[in-house]
Amino acid sequence: MSLTPRAAGRHITFEAFGQPAVELDVDFVVVGSGAGGAAAAVILARAGHSVAIVEAGPWRAPVDYPHSTYGTMRDLFDAWGGLVTQSRALWPVVQASCVGGTTVINSAIVVRTPGDCFERWEREYGITARGLDKRVWDHQDRLEHELSAEIVPPDARGHSNTLAMDGAEALGWDSHYMVRYARACEGTGQCLQGCRKGRKQSTNVNYVPEVLERGGYVISCAPVDRVAFADGRAAGVAGNFRDPVTRRSGSRFRVRATKGVLLAASVTQTPLLLARSGIKSKALGTLFRAHPGTGIFGVYDHPVDQNVGATQGWASTAFRVDPGLKLETLAIPPEMVAGRLPGGGAELVRRFREYRNIAMWVAAVRAESAGTIKPGFFGNPVVRYQLDEPDMHRFRSGLAMVARMHFAAGAKEIIPCIHGLPYKLGPDEVDQIEEGPLDPRNYIAILSHLFGGCPMSADPRQGVVDGNGKVHGVEALYVVDASAIPTTIGVNPQHTIMALASVWAENLVS
Ligand SMILES: Cc1cc2nc3c(=O)[nH]c(=O)nc-3n(C[C@H](O)[C@H](O)[C@H](O)COP(=O)(O)OP(=O)(O)OC[C@H]3O[C@@H](n4cnc5c(N)ncnc54)[C@H](O)[C@@H]3O)c2cc1C
Ligand code: SF4
């Protein structure tokens, strides 16, 4: 996109302790530069307003992205990926902390918001904003165009994705090669580590630079501590810079915003930021939800080389409503494969010899279970969440479906990675998964699609924000990230988060 900058913008980053405070005056300040924050900021900037994006993490160029999982945890993940659910099972809750947020480490899968989500939000949360569905879909048209949403090109599919298509076809299941925000994906299988090829359209390579080009500011390495208020309305944000390597505190920054403060610090951070800022709401930290997912390895008698090809390239949404699942391929780095294989020492090395012949496919549950996200003793997020029994049944049946698909695609065995089951199962043993444990501790699952914590509802007793993302009872304060979404949606959420944030930002400038 060609731009005529209104004025040169400025990227301000870490300032050491003892340096003068950074002070800025703008129309709008946006906290967080991921899916929601960047989408909202660019709408405000295009409307001619001065905008500052304040981001807790550093700005890393694609050429500096790490190669390894360790490097990703160190440089891109929030808190080294150390956040886990504190309930029966300790399942990781994964998010990024860098300019671009979780869009830097995600697979950029694009799925439009299903119509039944809007109906449910209206029915259960009183969200009656007229034409919200059409406005979201219109923005999704625009986003798909601007962020080059493309079907994974044939050259970049790799064997894992084409095998999954074969398996689904053999079973007669409706499925597709994915549409992703990736321009001419080269199939390097490195989406989790950040796309060094610059193909994936994470927000650090498009909307955040556009805000700068339009004369805005980006303040990185700058975790916002609090929202500031004046005359009963939100008036800005403040905090101390954080060194991206040592994590030591730096000098102070303050951004004053005359027209509005938009929070998009993610499901795990926005509720905490509101709590630190003195927002009192019974709904704060409630309705934490997710699409927990886990995978099964298929073992083939020929090399699959799952890391050659798009990280994720095939999916089925045919089971979204019944039983409430999404099936996908997912190539994870070799060290993560090793981490999922049971055993150690020589046994693990022997098992790992099959690495080239295995493919991982996953099931993610459109779970109904709800938990909480609250500040812990040191102010860090504490997630209390576990799947209830109906969700565990869905979870288990999803894995059995993945296992059946592997066999339909020609796998000779599967590695279920389920505690209590044999290391490998054959084609006649899938019933062991169907009747497998219902205790979440037996599964190695992960939460990457998160919702809630600042849920929207027309009723202030049920929700933190209203149908425009505005915090109930507070002027000029908005939440424009996944934390405002009160339900799971059963499809990958980035497209919905970006479009909702766009609608809400547009309301502020029209
Ligand atoms: C591994 C993985 C793969 C995924 N794949 C897909 C996919 O393919 N398709 C899809 O639709 N979804 C995917 N998702 C989910 C999707 O990326 C997220 O739902 C989405 O990015 C959430 O958007 P957000 O704006 O709520 O938060 P984020 O994108 O996480 O952005 C929040 C930002 O706020 C910053 N922040 C936090 N606290 C503060 C603070 N106090 N001050 C300043 N800044 C702060 C963070 O550092 C972060 O940059 C994936 C997620 C993961 C983890
Ligand atoms: S598979 Fe590789 S080239 Fe394609 S978007 Fe992901 S990291 Fe980029």
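Reading guide: rules and limits
Residues numbered from 1 in each chain as written. Chains lettered and ligands numbered in written order. Predicted model: local features only at pLDDT ≥ 70, side-chain atom pairs only at ≥ 80, totals over all residues. Heavy atoms only, no water. Near = heavy atom within 4 Å. Polar contact = N/O pair within 3.5 Å; in protein donor to acceptor, adjacent residues only side chain to side chain. Areas by Shrake-Rupley, 256 points an atom, 1.4 Å probe, with all protein chains shown as cover. Helix = DSSP H or I, 4+ residues; strand = E, 2+ residues; numbered from the N terminus. Nonpolar A, V, L, I, M, F, W, Y, C, P; charged D, E, K, R; others polar. 1 Å grid on protein atoms, 1.4 Å probe; cavity = no way out; pocket = protein on both sides within 12 Å on 5 of 7 lines; lining within 4 Å. Points joined across faces, edges and corners; volume = space filled by probe spheres on them. Domains from an automatic or database assignment. Contact = heavy atoms within 4.5 Å. Buried area = accessible area lost by both parts, 1.4 Å probe. Salt bridge = Lys/Arg side-chain N within 4 Å of Asp/Glu carboxyl O.

Asker: Please explain the site of ligand 1 as it appears in this structure.
Answerer: As a structural note, the neighbourhood of ligand 1 is formed by 36 residues, with Glu55, Thr102, Ile109, Val224 and Gln494 the closest of them. Here Val224 contributes a backbone N or O atom positioned 2.8 Å from a nitrogen atom of ligand 1. Look at ligand 1: alone it shows 1,000 Å² of surface, and the protein chains cover 95% of it. Counting only elements with at least two residues in the shell around ligand 1, the list comes to helix H1 (35-46) and helix H12 (494-509). When the residues that make up the shell around ligand 1 are grouped by side-chain class, the tally is 19 nonpolar, 15 polar and two charged.

Asker: Is there a simple way to think about empty space enclosed by the protein in this case?
Answerer: Picture a little ball the size of a water molecule; that probe, rolled over the atoms, points out where space is still empty. If you walk through the whole model with that rule in mind, you get six cavities of 30 Å³ or more. Reported here for the largest cavity is a volume of approximately 110 Å³. Lining the largest cavity are 15 residues; nearest its centre among them are Gly57, Pro58, Ser97, Pro244 and Arg247. The class makeup of the residues in the lining of the largest cavity is six nonpolar, two polar and seven charged. Around the second largest cavity sit 15 residues that line it, and Cys185, Gly187, Thr188, Cys191 and Cys195 are the ones nearest its centre. Considering only residue class, the lining of the second largest cavity consists of five nonpolar, five polar and five charged.

Asker: Teacher, can you tell me more about the domain arrangement of the protein chain here?
Answerer: Accessible area lost on assembly of the parts is the figure often given for the size of an interface. When cut into domains, the protein chain gives domain 1 (10-147 + 201-288 + 448-509) and domain 2 (151-192 + 293-366 + 386-442). Its C-alpha centre places domain 1 at a distance of 31 Å from the equivalent point of domain 2. With 33 residues of domain 1 in contact, the opposing surface of domain 2 contributes 27 residues. Together domain 1 and domain 2 conceal approximately 2,500 Å² of surface at their shared face, both sides included; 51% is due to carbon and sulfur atoms. Area buried by domain 1 at its contact with domain 2 is led by Thr69, Arg88 and Trp91, which between them contribute 24% of it. Note that Arg320 and Asp116 form a salt bridge whose closest N and O atoms lie 2.7 Å from each other. Inspection of the region where domain 1 meets domain 2 yields 14 residue pairs in polar contact (both at pLDDT 80 or more). Of all the elements in the fold, those that place two or more residues in the side of domain 1 that touches domain 2 are helix H2 (69-75), helix H3 (115-125), helix H4 (132-146) and H12. Taken together, the residues of the side of domain 1 that touches domain 2 break down into 16 nonpolar, 13 polar and four charged.

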